[in-house]
Amino acid sequence: MKHFFIGLVVGLLCGVLGYSSFHTCVVCDKPHIQEDSTTIALQQPEFFLSDSITIDKLYEACEYYNIQYPDIVIAQALLESGFFKSDLCLEHHNLFGLYNSRIKDYYHFNHWTESVKAYRDKVQYKYKDGDYYEWLQELGYAEDTLYIPKVKSLVKKYTSGVE
């Protein structure tokens, strides 16, 4: 136990002093690299570091979170957020109009990337296979009867057009 606390104090001192160190963990006896916060920040994709959103950044986030049919999903975000200008998007970082039916309110996120992850975890996980547009229609994703034609139009205009 004494070795654990010594290792903890040394690790804290290295972190406070800004050193990166390599040492063997006294608890698990495995090599450990102590990194400072600058190193950790540099390892994250650039879009995490930006509060502003663009189509390119959204596409990177879709790739990062393994979103299927990113062009369609980006078109949905453009439509749902009014090209990233809606109050829900600007104030609560909700790009897709994701609604929490349990509390009868829209989801609020701390960063727009959380909205992308939520789309994957709350909507797209239900998709198994087949035509994605048909699936969105069957899912009842939007009440607007012209939703799918609008999304298709945005895909052709603002993304690579791959459906």
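Residues numbered from 1 in each chain as written. Predicted model: local features only at pLDDT ≥ 70, side-chain atom pairs only at ≥ 80, totals over all residues. Heavy atoms only, no water.

1. Focus: the packing of aromatic side chains
Right, on to step 1. The tally for this structure, following the rule as stated, stands at twelve aromatic pairs.
Right, on to step 2. Considering the side-chain rings of phenylalanine 83 and tyrosine 158, the 5.2 Å spacing of their centres and the 70° angle between planes classify their relative orientation as edge-to-face. Residue phenylalanine 83 is found in the loop between helix H4 (70-81) and helix H5 (87-92), and its partner tyrosine 158 is found in helix H8 (residues 147-158); the two are separated by 75 residues along the sequence.
Right, on to step 3. Residue classification places phenylalanine 83 among the partly exposed residues on the basis of a relative accessible area of 35%.
Right, on to step 4. Take tyrosine 158: its relative accessible area is 34%, and that puts it in the partly exposed class. (Phe/Tyr/Trp six-rings, centres within 6.5 Å; stacked < 30°, edge-to-face > 60°. Helix = DSSP H or I, 4+ residues; strand = E, 2+ residues; numbered from the N terminus. Buried < 20%, exposed > 50% of the residue type's maximum accessible area, 1.4 Å probe, protein only.)

2. Describing H4
Right, on to step 1. For H4, spanning twelve residues, the distance from its first C-alpha to its last is 16 Å, which sits close to the expected 16 Å at 1.5 Å a residue.
Right, on to step 2. Burial of H4 is extensive: ten of the twelve residues sit out of reach of the surface.
Right, on to step 3. Those residues of H4 lying buried are Pro70, Asp71, Ile72, Val73, Ile74, Ala75, Gln76, Ala77, Leu78 and Ser81.
Right, on to step 4. Where H4 is buried, its residues meet helix H3 (55-64), H5, helix H6 (112-122), helix H7 (132-139) and H8.
Right, on to step 5. Glycine 82, located one to two residues past H4, shows a positive phi value of around 60°. (Expected span 1.5 Å × (residues − 1). Contact = heavy atoms within 4.5 Å.)

3. Concerning the pattern of salt bridges
Right, on to step 1. Applying the stated rule across the entire model yields two salt bridges.
Right, on to step 2. Residues aspartate 121 and arginine 120 are paired through a salt bridge, measuring 2.7 Å at the closest nitrogen-oxygen approach.
Right, on to step 3. Between aspartate 144 and lysine 150 there is a salt bridge, with its nearest N and O atoms 2.6 Å apart.
Right, on to step 4. Accessibility expressed as a relative area gives 32% for aspartate 144, which makes it partly exposed.
Right, on to step 5. A residue is classified by how much of its surface remains accessible, and lysine 150, at 36% relative accessible area, is partly exposed. (Salt bridge = Lys/Arg side-chain N within 4 Å of Asp/Glu carboxyl O.)

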